[in-house]
Amino acid sequence: MSSGQTRRRLLGLALRLGAGAGAALLLSGHTPYGQWVVYRKKHLLIGCHKTDPGAYELAKQVVAELEAHLPAAKSRVARAPHAGRLASLLATAQMDVATLSKAEAAAMQEGSGDFAPYGAVALRLLLPLGDRLLVARSDFPERHAWLVTAALAGTELAPDVETAEVSAVPWHPGSRAFLEGRPEPASD
């Protein structure tokens, strides 16, 4: 066998080994998903969706207020392509907080209409923000809800907040505690 043939065989073997290693890595489940989990634990994501015209600007305003008054939250906007994807992210605990219209929040809470495929998503109201709501998953820690409400209540986004029921989504206990003047809950 000539040296040229030997090099071609070695190169072919190296390519097959490289392709096999690449396939094994892909099939073994090593994905960047783990980094998404880490990112979500370090940042408070404020969800919105592209089909709601004003939601993105509102979410950016929420993030700006949180950055000013609660920088430890490291909040960021997370924009889903449509409300159904946002429902999926909330239902599967991949996101905790979102801005929604009152109608979307009620339908998502009930699992009705466009949200029927995702089932009922247990939401709680953090604050009404004009014609939209800032909602969280029902298992969002009380202390976190208290802190978010404390950071946003009295700002331009939520200047005068009362604890009366404003939607089909019930108040989060942590938010209600802040608004009623109760102390910050202990760490969760």
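The preceding data block contains the structure.
Residues numbered from 1 in each chain as written. Predicted model: local features only at pLDDT ≥ 70, side-chain atom pairs only at ≥ 80, totals over all residues. Heavy atoms only, no water.

A.B. asks: Is there a simple way to explain the overall build of the protein in this structure?
C.D. replies: Looking only at helices and strands, the protein features seven helices and five strands. Secondary structure of the protein in N-to-C order comes out as α-α-β-α-β-α-β-α-β-β-α-α. Across the 188 residues that make up the protein, the buried fraction comes to 39%. A sequence separation of at least 24 residues applies to 68% of the contacts in the protein between residues at least 6 apart. Split by element, the accessible area of the protein, about 10200 Å² in all, is 56% carbon and sulfur. (Helix = DSSP H or I, 4+ residues; strand = E, 2+ residues; numbered from the N terminus. Buried < 20%, exposed > 50% of the residue type's maximum accessible area, 1.4 Å probe, protein only. Contact = heavy atoms within 4.5 Å. Areas by Shrake-Rupley, 256 points an atom, 1.4 Å probe, with all protein chains shown as cover.)

A.B. asks: I tried to follow unusual backbone geometry on my own but got confused; where do I start?
C.D. replies: Glycine aside, residues mostly have negative phi, and peptide bonds are mostly found in the trans state. In this structure, Lys74 is a non-glycine residue whose phi angle is positive, near 45°. One non-glycine residue, Ala93, lies in positive phi territory at about 60°. Examined against the element boundaries, Ala93 turns out to sit in the loop between helix H4 (83-91) and strand E3 (97-101). Given the relative accessible area of 34%, Ala93 is considered partly exposed.

A.B. asks: Any chance you could explain the nonpolar core here in plain terms?
C.D. replies: General note: in soluble globular proteins, nonpolar side chains tend to be found buried as a group. Membership of the largest hydrophobic core comes to 27 residues, with the highest contact counts inside it found for Ile46, Leu66 and Leu134. Elements that contribute at least two residues to this core include exactly strand E1 (45-49), helix H3 (55-69), strand E4 (123-129), strand E5 (132-137) and helix H6 (142-152). In terms of nonpolar packing, the next biggest core, distinct from the first, is built from 22 residues, Ala87, Met95, Leu100 and Val169 among them. (Core = buried A, V, L, I, M, F, W, Y, C linked by side-chain atoms within 4.5 Å.)

A.B. asks: Which parts of the structure should I look at to understand the side chain of His43?
C.D. replies: With respect to the helices, strands and loops of the structure, His43 is situated in the loop between helix H2 (33-42) and E1. Ignoring sequence-local partners within four residues, the contact set of His43 consists of Ala73, Lys74 and Arg76.

A.B. asks: Sorry if this is basic, but what is going on with the packing of aromatic side chains here?
C.D. replies: The geometry of an aromatic ring pair is captured by two quantities: the separation of the ring centres and the angle between the planes. In the structure shown here, the tally under the stated rule is one aromatic pair. The ring of Tyr56 has Arg79 sitting right over it, with the charged end atom 4.3 Å from the ring centre. (Phe/Tyr/Trp six-rings, centres within 6.5 Å; stacked < 30°, edge-to-face > 60°. Lys NZ or Arg CZ within 6 Å of the ring centre and 35° of its normal.)

A.B. asks: Is there a simple way to think about the pattern of salt bridges in this case?
C.D. replies: If charged atoms from side chains of opposite charge come close, those side chains can pair. Considering all chains together, one arrives at eight salt bridges under this definition. For the salt bridge of Asp139 with Arg137, the shortest nitrogen-to-oxygen distance reads 2.8 Å. With relative accessibility at 12%, the residue Arg137 sits in the buried group. Residues Arg143 and Glu184 are paired through a salt bridge, measuring 2.8 Å at the closest nitrogen-oxygen approach. With Arg143 in helix H6 and Glu184 in the segment after helix H7 (173-179), this pair connects stretches of sequence that are 41 residues apart. On the basis of relative accessibility, which here comes to 24%, the residue Arg143 falls in the partly exposed class. (Salt bridge = Lys/Arg side-chain N within 4 Å of Asp/Glu carboxyl O.)

A.B. asks: Would you take a moment to explain H6 for this structure?
C.D. replies: Every α-helical turn comprises 3.6 residues, leaving residues that sit three or four positions apart pointing alike. All of the buried residues along H6 are Ala145, Trp146, Leu147, Val148, Thr149, Ala151 and Leu152. Within two residues after H6, Gly154 carries a phi angle of roughly 90°, on the positive side.

A.B. asks: Honestly, the side chain of Thr99 in this entry has me stumped. Any pointers?
C.D. replies: Examined against the element boundaries, Thr99 turns out to sit in strand E3. Setting aside chain neighbours within four positions, we find Thr99 in contact with Ile46, Gly47, Cys48, Ala55, Leu58, Ala59, Leu86, Leu133 and Leu134.

A.B. asks: For this particular structure, what's the right way to read the environment of Leu66?
C.D. replies: Looking at where Leu66 falls in the secondary structure, it is placed in helix H3. In the structure, Leu66 is positioned 84 residues away from Ala150 in sequence and 9.7 Å away in space, judged by C-alpha atoms. Beyond its immediate sequence surroundings of up to four residues, Leu66 is in contact with Leu44, Ile46, Pro71, Ser75, Val148, Ala151 and Leu152.

A.B. asks: I'm lost on the sheet that holds E4 in this one. Help?
C.D. replies: Backbone-to-backbone hydrogen bonds pair the strands of a sheet. The strands run either parallel or antiparallel. Reading across from one edge, E2-E1-E3-E5-E4 is the order of the five strands in this open sheet, with mixed pairing throughout. Where the open sheet ends on each side, the last strands, each with one partner, are strand E2 (76-80) and E4. Sheet twist, expressed as the mean angle between neighbouring strand axes with direction ignored, is 30°. Relative to E5, E3 runs antiparallel, the two being bridged by five bridges. Counted as the bridge partner of Ser101 is Arg132 from E5. Across the sheet, helix H5 (residues 102-110) touches E1, E3, E4 and E5, and the angle it forms with E3 is around 115°. Together, E4 and E5 form the strand contacts of H6, whose direction differs from that of E4 by roughly 10°. (Pairing = 2+ DSSP bridges. Axes fitted to C-alpha atoms, helices over the stretch in contact; angles between N-to-C directions.)

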